[in-house]
Amino acid sequence: MLWFLIVLAVIASVLIGMYNSLVRLRVRVNGAWADIDVQLKRRWELIPNLVETVKGSAGHERETLQAVADARNRAMSAQSPTEAAAAEEMLAGALGNLFALSEAYPQLRAVEAFTGLQGSLDEIEDSVQNARRYYNAVVRDYNTKTRVFPTNLLASLSGHRPQEFFTLDDERQREGPRVNFS
């Protein structure tokens with residue numbers, strides 16, 4: 001009888017350990033997503049300032065400015081990593097077009113506010129890229145844990161489902177908008 005209780009205690013300890021590791025990984029996934037969200041919000045807050053600066057020098061480029069505003073709104077309303085990735089691709093393309101205006105309007109490159117905002121956006125893009133990389137690493141670890149035996153049995157019983165990766169489909173968008181004024 002004592003051996004049975006010992007074996008039962010060992011099995012219970014292993015199950016508790018597996019469950020706790022799943023919970024810890026899910027919390028890390030949620031935290032990593034929150035980190036991406038923070039960086040994206042920083043970018044979204046910067047974009048209206050950038051658009052207003054461009055309006056001062058190239059205000060008649062309304063289509064480009066409207067495309068940036070529309071892409072920003074779509075990105076802000078994305079709910080899942082897949083939706084967010086698609087919206088961020090659209091936003092990066094719109095920002096690329098916005099920065100291309102600086103080639104057509106040399107006076108825009110001379111505006112200190114524009115170059116400062118562009119530098120801030122570059123820093124934020126680097127932060128977003130790092131946050132995406134960390135999120136995907138944590139999702140990889142979590143998804144692996146939910147699929148390997150015997151943890152997969154416990155994961156399916158306790159509602160732990162694989163998470164979506166934050167992926168970009170367009171290779172050009174992986175780096176984010178970059179403009180070199182030199």
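Given the structure is predicted, the values throughout are model-derived calculations rather than measurements.

**Quick look at the overall build of the protein chain**
Secondary structure summary: the protein chain contains six helices and zero strands in total. Counted from the first residue to the last, the protein chain has its helices and strands arranged as α-α-α-α-α-α. A buried classification covers 38% of the 182 residues belonging to the protein chain. Across the protein chain, the fraction of contacts at a sequence separation of at least 24, relative to all contacts at a separation of at least 6, is 75%. A total accessible area of about 10,300 Å² is found for the protein chain, and carbon and sulfur atoms account for 56% of it.

**Some details on the confidence of the model for the protein chain**
Caution applies to low-pLDDT regions: their predicted coordinates should not be interpreted in detail. Confidence in the prediction for the protein chain averages 85 pLDDT; 88% of positions are at 70 or higher. The least confident element of the protein chain, judged by mean pLDDT, is helix H4 (residues 106–109) at 70; the most confident is helix H6 (residues 151–157) at 91.

**Structural notes on the nonpolar core**
Among the nonpolar cores identified, the biggest contains 38 residues, and Leu50, Val54, Val68, Leu91, Leu95, Leu98 and Tyr135 are the most heavily contacted of them. Of all the secondary-structure elements, those providing two or more residues to this core are helix H1 (2–58), helix H2 (62–77), helix H3 (81–104) and helix H5 (112–147). Looking at this core element by element, the count peaks at 11 residues for H1. If we ignore the near neighbours within four places in the chain, the residues touching Val68 are Ile47, Val51, Leu91, Ala94, Leu95 and Leu98.

**Thoughts on the packing of H3 against H5**
Two numbers describe how H3 lies on H5: the axes approach to 13 Å, and their chain directions differ by 155°. Classified by the angle their axes make, H3 and H5 are roughly antiparallel. Relative to H5, the crossing made by H3 is left-handed. Along its contact with H3, which presents Pro81, Glu88, Leu95, Phe99 and Ser102, the element H5 presents Phe114, Gln118, Leu121, Arg132 and Tyr135. Residue classes in the contact of H3 with H5 are distributed as six nonpolar, two polar and two charged.

**Some details on the pattern of salt bridges**
In total, this model carries four salt bridges according to the counting rule given. Across the pair Arg43 and Glu88 runs a salt bridge whose closest N-O atoms are separated by 1.9 Å. With Arg43 in helix H1 and Glu88 in helix H3, the pair connects residues that are 45 residues apart, well separated along the chain. Taking relative accessible area as the criterion, Glu88 reaches 2% and is therefore assigned buried. Of the charged contacts in the structure, one is a salt bridge between Arg140 and Asp141, with a shortest N-O distance of 3.2 Å. With a relative accessible area of 31%, Asp141 lands in the partly exposed category.

About the cut-offs
Residues numbered from 1 in each chain as written. Predicted model: local features only at pLDDT ≥ 70, side-chain atom pairs only at ≥ 80, totals over all residues. Heavy atoms only, no water. Helix = DSSP H or I, 4+ residues; strand = E, 2+ residues; numbered from the N terminus. Buried < 20%, exposed > 50% of the residue type's maximum accessible area, 1.4 Å probe, protein only. Contact = heavy atoms within 4.5 Å. Areas by Shrake-Rupley, 256 points an atom, 1.4 Å probe, with all protein chains shown as cover. pLDDT = per-residue confidence, 0-100. Core = buried A, V, L, I, M, F, W, Y, C linked by side-chain atoms within 4.5 Å. Axes fitted to C-alpha atoms, helices over the stretch in contact; angles between N-to-C directions. Parallel < 35°, antiparallel > 145°, perpendicular 65-115°, else oblique. Left-handed = near helix turned anticlockwise from the far one by under 90°. Nonpolar A, V, L, I, M, F, W, Y, C, P; charged D, E, K, R; others polar. Salt bridge = Lys/Arg side-chain N within 4 Å of Asp/Glu carboxyl O.

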